[in-house]
Amino acid sequence: MHTGLSQLLTAIEPFKKAITQHKVYSLIRQPEHLHIFMQYHVYAVWDFMSLLKSLQNELTCTSIPWFPKGNADTRFLINEIVVGEESDVDHTGVRKSHFEIYLDAMRQSGADTRKIEVFLAELSTSHDLATSLAKSKVPIEAQEFVKFTFQLIESKKAYLQSAIFTFGREDLIPDMFYAIIQDLHLQAPEKMSIFKYYLERHIEVDGDHHSQLALQMTSNLCGTDAVKWEEAEQAVIEALKRRIQLWDGVYNQLINMPAEIRNQEKAVLA
């Protein structure tokens with residue numbers, strides 16, 4: 001293991017721990033709680049796809065005429081991840097991106113998809129990220145999360161994009177959350193089956209195969225350059241801080257839920 005990678009892993013461990021042990025998970029005990037979580041998390045799922053495609057643009061030739069670009073091993077790694085993320089199969093065997101599967105899960109569970117849909121429609125017209133986020137009334141924590149991702153996309157520094165893709169996204173959902181979803185699925189499988197499937201695919205594809213590919217990609221891009229590894233470490237730490245803030249936003253909304261929902265929660269837990 002390269003020294004830069006070892007130092008990065010040590011430096012980010014406290015931030016990863018803060019995410020996997022975040023107090024927000026203890027509040028998700030019924031579908032209404034999960035809806036709020038999903039209505040924040042969906043923006044991270046979407047900008048993950050944008051980060052993925054940016055890496056593909058940076059590391060491979062995506063224009064015409066085609067010319068060899070970069071290292072063929074690195075081209076293989078990013079293209080392999082893109083295939084899985086952009087054209088996986090849903091619970092019925094239909095080809096869909098992980099983002100589209102997530103939207104299906106939101107709709108099935110009863111979560112509100114209007115803000116993310118309005119945001120995407122606005123962005124497709126205006127091509128102005130900050131304005132589209134604001135006009136769509138996206139939660140401020142989600143806005144800041146997405147803006148940071150796009151700052152790195154706009155930097156055109158593939159090694160930084162690869163670093164936050166590798167260390168800031170793939171393995172940050174704790175076992176506790178999977179257990180909660182299993183319980184919710186037992187209570188209402190007709191509302192939770194797609195989200196349960198999404199998480200299972202996350203474990204099977206993102207958390208295993210893709211994480212290894214992404215790690216190799218980041219190692220290839222940073223190489224033995226100590227400066228790149230240091231920049232990557234700082235970028236990942238900042239990305240993890242934004243994730244913590246995103247979860248803080250969910251937590252704050254959950255603890256301020258209407259009284260009737262809180263009372264319903266007590267009844268469920270009684």
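Residues numbered from 1 in each chain as written. Predicted model: local features only at pLDDT ≥ 70, side-chain atom pairs only at ≥ 80, totals over all residues. Heavy atoms only, no water.

**Considering the side chain of Asp104**
Quick reminder of the rule: Put simply, DSSP marks the helices as runs of H or I at least four residues long and the strands as runs of E at least two long, and each gets a number from the N terminus on. The criterion used for residue contact is that any of the two residues' heavy atoms lie within 4.5 Å.
Along the polypeptide, Asp104 turns up in helix H4 (residues 98-109). If we skip the residues at most four places from it in the chain, Asp104 touches Lys96 and Ile194.

**Thoughts on helix H7 (residues 140-155)**
To be explicit about the condition: By definition here, a helix of n residues has an expected span of 1.5 Å times n minus one. Between buried and exposed lies partly exposed: a residue is buried under 20% and exposed over 50% of the maximum accessible area for its type, with that area taken using a 1.4 Å probe on protein chains only.
In this model H7 runs 23 Å from its N-terminal to its C-terminal C-alpha over 16 residues, within 8% of the 22 Å that 1.5 Å per residue would give. Among the residues making up H7, those that are buried are Ala142, Gln143, Phe145, Val146, Phe148, Thr149, Phe150, Leu152 and Ile153. Structurally, H7 contributes buried residues whose contacts are with helix H2 (31-59), helix H6 (129-135), helix H8 (158-167) and helix H11 (226-255). Positioned one or two residues after H7, Lys156 has a phi angle of 65 degrees, which is positive.

**A few points about the environment of Glu231**
Residue placement: Glu231 occurs in helix H11. Residue classification places Glu231 among the partly exposed residues on the basis of a relative accessible area of 29%. Taking the C-alpha atoms as reference points, Glu231 and Lys157, 74 residues apart in sequence, are found 10 Å from one another. Those residues in contact with Glu231 that sit more than four places away from it in its chain are Lys157, Tyr159 and Leu160.

**Quick word on the side chain of Asp47**
By the secondary structure assignment, Asp47 is in helix H2. Excluding residues that lie within four positions of it along the chain, Asp47 makes contacts with Phe145, Val146, Thr149, Phe150 and Arg169.

**Focus on the nonpolar core**
Keep this limit in mind: Put simply, buried Ala, Val, Leu, Ile, Met, Phe, Trp, Tyr and Cys residues joined by side-chain atoms within 4.5 Å make one nonpolar core.
Counting 86 residues, the largest nonpolar core has Leu34, Phe177 and Phe195 as the members making the most contacts within it. Of the residues forming this core, the biggest block, 16 residues, is contributed by H2. The residues contacting Phe177, other than those within four sequence positions of it, are Tyr25, Ile28, Leu34, Phe37, Phe195 and Leu199.

**Section: the packing of aromatic side chains**
In plain terms, the rule: Two rings belonging to Phe, Tyr or Trp (six-membered ring only in the last case) form a pair when the distance between their centres is within 6.5 Å. Interplanar angles under 30 degrees mark stacking, angles over 60 mark edge-to-face geometry, and anything in between is tilted.
If you walk through the whole model with that rule in mind, you get 11 aromatic pairs. On the numbers, 4.7 Å between centres and 15 degrees between planes, the contact of Phe48 with Phe165 is stacked. Pair noted here: Phe48 is in helix H2 and Phe165 is in helix H8, with a separation of 117 residues, a long-range link. Overall, Phe48 belongs to the buried group, its relative accessible area being 9%. A residue is classified by how much of its surface remains accessible, and Phe165, at 0% relative accessible area, is buried. Measuring from centroid to centroid gives 5.7 Å for Tyr102 and Phe195, while their planes differ by 80 degrees, and the two rings are edge-to-face.

**Regarding the environment of Gly168**
Looking at the element boundaries, Gly168 is found in the loop between H8 and helix H9 (175-187). Along the primary structure Gly168 and Glu190 are separated by 22 residues, whereas in three dimensions their C-alpha atoms are 32 Å apart. Excluding its chain neighbours within four sequence positions, the residues that come into contact with Gly168 are Ala163, Leu240 and Arg243.

**Digging into the pattern of salt bridges**
Operational definition: Salt bridge criterion: a side-chain nitrogen from Lys or Arg within 4 Å of a carboxyl oxygen from Asp or Glu.
Scanning the model with the defined rule gives 13 salt bridges in all. In this structure, Asp104 and Lys96 form a salt bridge, with 2.5 Å as the shortest nitrogen-oxygen distance. Exposure remark for Lys96: the relative accessible area of 22% places this residue in the partly exposed category. The partner of Glu231 in a salt bridge is Lys157, and the shortest N-O contact between them spans 3.7 Å. Residue Glu231 is located in helix H11, and its partner Lys157 is located in the loop between H7 and H8; the two are separated by 74 residues in the primary sequence. Counted as one network, the salt bridges with shared partners bring together Asp90, Lys96, Asp104, Arg107 and Glu117.

**Focus on the packing of H8 against H11**
Basically, it comes down to this: Axis definition: a line fitted to C-alpha atoms, over the contacting stretch in the case of helices. Angles run 0 to 180 degrees between N-to-C directions. With respect to orientation, any angle under 35 degrees is reported as roughly parallel, any angle over 145 as roughly antiparallel, any angle of 65 to 115 as roughly perpendicular, and every other angle as oblique. Here is the rule for handedness: rotate from the far helix to the near one, and if that takes an anticlockwise turn smaller than a right angle the crossing is left-handed, while a clockwise turn gives right-handed. Any residue that is not Ala, Val, Leu, Ile, Met, Phe, Trp, Tyr, Cys, Pro, Asp, Glu, Lys or Arg is counted as polar, Gly included; the first ten are nonpolar and the last four charged.
Remark: H8 packs on H11, axes separated minimally by 9 Å, with the N-to-C direction vectors making an angle of 50 degrees. When the axes of H8 and H11 are compared, the pair comes out oblique. You can see that H8 and H11 cross each other, and the crossing is right-handed. On the side of H8, the interface is formed by Tyr159, Leu160, Ala163, Ile164 and Phe167, while H11 contributes Lys228, Glu231, Ala232, Ala235, Val236, Ala239 and Leu240. Taken together, the residues of the contact of H8 with H11 sort by class into 10 nonpolar, no polar and two charged.

**Considerations on unusual backbone geometry**
Residue Pro65 is bonded to the preceding Ile64 through a cis peptide linkage, with omega at 0 degrees. If you check the backbone angles, Lys137 has positive phi at about 55 degrees while not being a glycine. Assignment of secondary structure puts Lys137 in the loop between H6 and H7.

**A word on the confidence of the model for the protein chain**
Regions with low pLDDT carry predicted coordinates that are not meant to be interpreted in detail. Definition in use: The predictor's confidence in any single residue is recorded as pLDDT, a number from 0 to 100.
With 93% of its residues at a pLDDT of 70 or more, the protein chain shows a mean pLDDT of 90. Contacts from residues 265-270, a stretch scored under 50 in pLDDT, to residues over four places away or in other chains number seven contacts.

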